[in-house]
Amino acid sequence: MWRHGFGRVHKWLGLTLALWVVLVALTGTLLLYKTELLQWQYPQLRLAETPSATQAANVFNRFDAGYAYLPRADKPWIEVVDGAGTTFYFDSFGKELLARPQLGDWVSWMVEFHHHLLLHELGKDIMGVLGLLSLLLVIAGVVRWWPRHWSWRVLSVRFVRPRQRQFIATLWQLHRSSGVIFLVPIAALLLTGTAIMYAASVNAGLSQLLPQTVPQQAKLLPQTTAANWQQRFAIANEFWPQQTPRLVYLAPTEEGNYRMRLQHSDEWHPNGRSYLVFAPQGALLSADDVRAKSLGFRLSQMVYPLHIAAVGGWFWLTAVLLGGLALMLLPITGVWFWWRRRVHR
């Protein structure tokens, strides 16, 4: 009886979420190759030489609003997002290669849909709820299907033509087998994607659950004056030689200070979670080292890199790619099976 109940939950949740799952999986899978897609659409971004931090600083000094990313292997250009949301790309000589307005091309539309359903903060709230429902969908499906006597034969698929009556069995077998074989990457994608929507709650919860910290030796803040980004990068490299600047906030805070994010050599997050704050035309004011954070906080910062396959090399990238493809196949075969069965009845 309880298996039947889980089956009904799985069926109706599947029919309700099918379109959303397909579109989110499609956009997410394509965005694994965002750099390649941008370089395909905009050939001027195929740079032979990756700019240096000093060359990036020359560009950053021109802006007083927005934020900017320093060049790295997977983004071999200088990238600045101004206050209006337009993204600018520069080469090592500071020459503007491209300006992409927000929602100005199909890649930007994919990003906004995958993150916010094109609805800004409301879309983020909706994505969180749909993510929780999708996790329930997967749990219900596994519980409903799980065999009493396990055998690899239960995962076999017998392919027949769509026009044949037995094709309904092929749809069911494809749906079942793809869901079980790729259960780990599917669950990882849904779990991490949902956790990103509730990042603040996840960070706070894990920090309370795992409050352990690793004591760090206190360092005196240098008093060297920094009037531009070149000087701020020089101070950062001297103060934290094992951390690399990844992202800078070009708009000063209400106090007029400037912030920088850095990535430690052992850190997963591609943008880093350590912060340096500089006074305007002044010295380093504060340093917030991610290594001094609680174990729970540091674990929470692994969610985003896992979701976008920024760690794990080709193995995890392949797993995430297959998980994304399976998330597209599952709703299609599930809805198709439901429709064919309904027609035959």
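Definitions and limits used
- Residues numbered from 1 in each chain as written.
- Predicted model: local features only at pLDDT ≥ 70, side-chain atom pairs only at ≥ 80, totals over all residues.
- Heavy atoms only, no water.
- Helix = DSSP H or I, 4+ residues; strand = E, 2+ residues; numbered from the N terminus.
- Areas by Shrake-Rupley, 256 points an atom, 1.4 Å probe, with all protein chains shown as cover.
- Lys, Arg positive; Asp, Glu negative; His and termini not counted.
- Charge placed at Lys NZ, Arg CZ, Asp CG, Glu CD.
- Axes fitted to C-alpha atoms, helices over the stretch in contact; angles between N-to-C directions.
- Parallel < 35°, antiparallel > 145°, perpendicular 65-115°, else oblique.
- Contact = heavy atoms within 4.5 Å.
- Nonpolar A, V, L, I, M, F, W, Y, C, P; charged D, E, K, R; others polar.
- Buried < 20%, exposed > 50% of the residue type's maximum accessible area, 1.4 Å probe, protein only.
- Arc of directions from axis to C-beta.
- Polar contact = N/O pair within 3.5 Å; in protein donor to acceptor, adjacent residues only side chain to side chain.
- Patch = residues over 30% accessible without salt bridge, like charges linked within 9 Å, V, L, I, M, F, W, Y side chains within 5 Å.
- Salt bridge = Lys/Arg side-chain N within 4 Å of Asp/Glu carboxyl O.
- Pairing = 2+ DSSP bridges.

Within the chain, the regular secondary structure consists of 12 helices and eight strands. Expressed along its principal axes, the backbone C-alpha trace of the chain runs to roughly 80 × 50 × 35 Å. For the chain, the accessible area works out to roughly 19,100 Å², and carbon and sulfur atoms hold 62% of it. Counting 32 positive and 19 negative side-chain charges, the chain places the averaged centre of each group 23 Å from the other.

Packing of helix 2 (residues 34-41) against helix 4 (residues 106-116) brings their axes to within 10 Å, and their N-to-C directions diverge by 155°. With respect to helix 4, the axis of helix 2 lies roughly antiparallel. Between helix 2, through Lys34, Leu37, Leu38, Trp40 and Gln41, and helix 4, the contact on the second element is made entirely by Trp106, Val107, Met110 and Val111. Along the lines of polarity and charge, the residues of the contact of helix 2 with helix 4 split into seven nonpolar, one polar and one charged.

Along helix 9 (residues 229-239), the residues classified as buried are Trp229, Arg232, Phe233, Ile235, Ala236 and Phe239. Looking straight down helix 9, one finds that the buried residues subtend no more than 160° of arc, so they occupy a single side. If you follow the buried residues of helix 9, they end up packed against helix 3 (53-60), strand 5 (243-249), strand 6 (258-264), strand 7 (274-278) and strand 8 (284-288). Between the side-chain oxygen of the N-cap and the backbone nitrogen of Gln230 there are 3.2 Å, and the N-cap of helix 9 in question is Asn228.

So, on to a positive patch on the surface. On the surface, Arg8, Lys11, Arg144, Arg148, Arg341 and Arg342 cluster together to form a positively charged patch. Within the residue set of the positive patch, elements represented by two or more residues are helix 1 (2-31) and helix 12 (313-344). The topology assignment puts Lys11 in helix 1.

What follows deals with the environment of Arg341. By the element assignment, Arg341 lies in helix 12. Sequence separation of Arg341 and Ala169 is 172 residues, and the distance between their C-alpha atoms is 9.7 Å.

Below, the discussion takes up the sheet that holds strand 1 (residues 67-69). Strands sit in the order 4-3-2-1-5-6-7-8 across an open sheet of eight strands; the sheet is antiparallel. Both edges of this open sheet fall to strand 4 (96-100) and strand 8, since each of them pairs with a single strand only. Each neighbouring strand pair of the sheet contributes to a mean axis angle of 25°, computed without reference to strand direction. Relative to strand 6, strand 5 runs antiparallel, the two sharing six bridges. Looking across to strand 6, one finds that Tyr249 is bridged to Arg259. Strands strand 5, strand 6, strand 7 and strand 8 of the sheet are contacted by helix 9, whose axis makes an angle of about 40° with strand 6.

Turning next to the pattern of salt bridges. Throughout the structure, instances matching the rule amount to four salt bridges. Of the charged contacts, one joins Asp74 and Arg72 as a salt bridge, the two residues approaching to 2.6 Å between their closest N and O atoms. Asp74 gets classed as partly exposed once you look at its relative accessible area, which sits at 37%. Its relative accessible area of 15% is what places Arg72 among the buried residues. Arg291 is paired through a salt bridge with Asp289; the nearest N and O atoms lie 2.7 Å apart. Relative accessible area serves as the criterion here: at 23%, Arg291 is assigned to the partly exposed category. On the accessibility criterion, Asp289 (11% relative accessible area) is buried.

Nonpolar side chains collect at one region of the surface, where Val9, Val129, Leu132, Leu133, Leu136 and Tyr198 lie side by side and expose about 450 Å² of accessible area between them. On the secondary structure map, Leu133 appears in helix 5 (residues 120-145).

On to the environment of Ala310. Among the structural elements, Ala310 can be located in the loop between helix 11 (303-307) and helix 12. Along the primary structure Ala310 and Pro270 are separated by 40 residues, whereas in three dimensions their C-alpha atoms are 7.0 Å apart. Excluding residues within four positions of it along the chain, Ala310 makes contact with Pro270 and Pro305.

Purely geometric stuff here, so don't read any function into it on its own.
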